[in-house]
Amino acid sequence: MTSRLGRLYVAFVATAVATLGVTVANPAPASAAMTICYNTSQAGAYAGTANQAASIWNNATTNLTLTANCGSNLRIYQITGGGSYAVRTSLGNGRVYIDTQQAAQYSPLRIMTHEIGHILGLPDNYNGNCAILMSGGSAGTSCTNPYPSTAEANRVSSLFAGTLSATERSAGRSADIFRDSWPSVLTPVS
């Protein structure tokens, strides 16, 4: 008998709400993260490093997810000579080149995470501070920190959330080439 009264009550309330024109809105679902598909088919020995770097960015940021080999927003290449660098064609799109010679001298994971940072909208910051990922090679060969600072991670999250002003967003969306983050490979003195 109690369940019948409960059903009648629910039916009565639903009818009253509909009669009064009241609508009950479901809360809006959380916005889905943008997926950036990266391709490691040309990354050679650095494919695993690219996966580690993607995991670091995925854990540090919101509003974006880097996913391996589902497309080619971001292509990663292994090269020898010429230095590691990134070419951003637009926010979340571009190419990263990892130089085997530099990766033998600097932390390959730091290089990879740093260069992906450019694709995600971050500029270089040559201040020599190892805690700042975008300081690149200016922090020296002993710096192996592959993690973005909170400020860097928040900047990327804001770029992908679309919460920045047009001026702030334009800094992260333009096509650009980021070279010279890593000083030239040291040559032994004879």
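Residues numbered from 1 in each chain as written. Predicted model: local features only at pLDDT ≥ 70, side-chain atom pairs only at ≥ 80, totals over all residues. Heavy atoms only, no water.

### Focus on the pairing of strand E3 (residues 74–79)
Our working definition: We treat two strands as partners when DSSP finds at least two bridges between them. A run of H or I in DSSP becomes a helix once it reaches four residues, and a run of E becomes a strand once it reaches two; helices and strands are each numbered from the N terminus.
Relative to E3, strand E1 (residues 34–42) runs parallel, the two being bridged by 3 bridges. Directly across from asparagine 39, in E3, lies its bridge partner arginine 75. Note: E3 against strand E5 (residues 93–99), 6 bridges, orientation parallel. Each bridged residue has a counterpart across the sheet, and for leucine 74 the counterpart in E5 is glycine 94.

### Some points on the nonpolar core
Definition in use: As used in this record, nonpolar core signifies buried Ala, Val, Leu, Ile, Met, Phe, Trp, Tyr and Cys residues forming a set joined through side-chain atoms within 4.5 Å. The buried label goes to any residue with under 20% of its type's maximum accessible area, the exposed label to any with over 50%, and the partly exposed label to all in between, with areas taken from a 1.4 Å probe on protein chains only. Throughout, a contact is declared for two residues whenever any of their heavy atoms are within 4.5 Å.
Within the largest apolar cluster, 31 residues are counted, with the highest numbers of intra-cluster contacts made by Leu66, Leu74, Ile76, Val96, Met112, Ile116 and Leu120. Elements with a minimum of two residues in this core: E1, helix H2 (47–60), strand E2 (64–68), E3, E5, helix H4 (108–119) and helix H5 (150–161). Leaving out residues up to four positions away in the same chain, methionine 112 has contacts with Tyr46, Thr49, Ala50, Ala53, Ile76, Val96 and Ile98.

### Some remarks on H5
Rules: Under the convention used throughout, the expected extent of a helix is 1.5 Å for every residue step, that is, one less than its residue count. Arc definition: it is the arc formed by the directions from the helix axis to the C-beta atoms.
The end-to-end C-alpha distance of H5, which contains 12 residues, comes to 16 Å, matching closely the 16 Å that a straight helix rising 1.5 Å per residue would cover. Turning to H5, its buried residues number three or more, namely Glu152, Ala153, Val156, Ser157, Leu159 and Phe160. Buried residues of H5, seen end-on, are gathered within an arc of 160° and therefore sit on one face of the element. For H5, the exposed residues set more than 90 degrees away from the buried face come down to Thr150 and Ala151. Where H5 ends, the next residue or the one after it, glycine 162, has phi of about 75°, a positive value.

### Focus: the confidence of the model for the chain
Rule in force here: The predictor attaches a confidence to each residue, called pLDDT, with possible values from 0 through 100.
On average, residues of the chain score 79 in pLDDT, and 68% of them are at 70 or above. Taken as a whole, residues 5–31 scores under 50 in pLDDT and shows 2 contacts with residues more than four places along the chain or in a different chain. Segment residues 185–190: pLDDT under 50, and 4 contacts once partners within four positions in sequence are set aside and those in other chains are kept.

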